[in-house]
Amino acid sequence: MRKNRFLINLTLICIACMVIVGAMAAVLLAKISQTSGFLIIVISLAVCCCGLARTNYRYNAYGRQFASRYPDAGQKKKI
């Protein structure tokens, strides 16, 4: 894993954890409503998951690195 990708992944996961803890603390201290806290958590997790997927996309089976290592992987077999 490249150092930049690792740092981006770590940052996104830390942000998600901080938002969850912050929203839960705000709900428990009655600073915000429970519905608002739930929406904040869901939206932040969705954004962080999209960020993680975008960061790691080129290293999975459908990304660029796979295609560059196996250039004929996308071709259909002729019978």
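It should be emphasised that the depicted structure is a prediction, and the values quoted were computed from it without experimental measurement. (Residues numbered from 1 in each chain as written. Predicted model: local features only at pLDDT ≥ 70, side-chain atom pairs only at ≥ 80, totals over all residues. Heavy atoms only, no water.)

S.K.: How do you make sense of the overall build of the protein chain when you look at a structure like this?
M.R.: Broken down by element type, the protein chain carries three helices and zero strands. For the protein chain, the α and β elements follow one another from N to C terminus as α-α-α. With 79 residues in all, the protein chain has 15% of them scored as buried. For the protein chain, restricting intrachain contacts to residue pairs at least 6 apart in sequence, the fraction spanning at least 24 positions comes to 49%. (Helix = DSSP H or I, 4+ residues; strand = E, 2+ residues; numbered from the N terminus. Buried < 20%, exposed > 50% of the residue type's maximum accessible area, 1.4 Å probe, protein only. Contact = heavy atoms within 4.5 Å.)

S.K.: Teacher, can you tell me more about the environment of asparagine 9 here?
M.R.: Among the structural elements, asparagine 9 can be located in helix 1 (residues 3-28). For asparagine 9, a relative accessible area of 10% gives the class buried. With 43 residues separating them in the primary sequence, asparagine 9 and leucine 52 have C-alpha atoms 6.2 Å apart.

S.K.: How do you make sense of helix 2 (residues 34-56) when you look at a structure like this?
M.R.: Residues lying three or four places apart along an α-helix face the same way, a consequence of the helix completing one turn every 3.6 residues. Here helix 2 spans 33 Å end to end across 23 residues, near enough to the 33 Å set by a 1.5 Å rise per residue. Every buried residue of helix 2 is accounted for by Gly37, Ile41, Ser44, Cys48 and Thr55. Residues of helix 2 that are buried sit in contact with helix 1. (Expected span 1.5 Å × (residues − 1).)

S.K.: How do you make sense of a nonpolar patch on the surface when you look at a structure like this?
M.R.: Taken together, Phe38, Leu39, Val42, Ile43 and Val47 make up a surface patch of nonpolar side chains, about 500 Å² in accessible area. Tracing the backbone through its elements, the reader meets leucine 39 in helix 2. (Patch = residues over 30% accessible without salt bridge, like charges linked within 9 Å, V, L, I, M, F, W, Y side chains within 5 Å. Areas by Shrake-Rupley, 256 points an atom, 1.4 Å probe, with all protein chains shown as cover. Salt bridge = Lys/Arg side-chain N within 4 Å of Asp/Glu carboxyl O.)

S.K.: What's the story with the confidence of the model for the protein chain in this structure? I'm lost.
M.R.: A low pLDDT means the predicted coordinates there should not be read in detail. With 70% of its residues at a pLDDT of 70 or more, the protein chain has an overall mean of 80. Averaged pLDDT values over the elements of the protein chain bottom out at 59 in helix 3 (residues 64-69) and peak at 91 in helix 2. (pLDDT = per-residue confidence, 0-100.)

S.K.: Could you clarify how one ought to interpret the environment of asparagine 56 in this entry?
M.R.: Summarising the element assignment, asparagine 56 is placed in helix 2. On the basis of relative accessible area, asparagine 56 is assigned to the partly exposed category, the value being 25%. Measuring from C-alpha to C-alpha, the distance between asparagine 56 and asparagine 9 comes to 8.6 Å, with 47 residues separating the pair along the chain. Excluding anything up to four places from it in sequence, asparagine 56 contacts Arg5 and Asn9.

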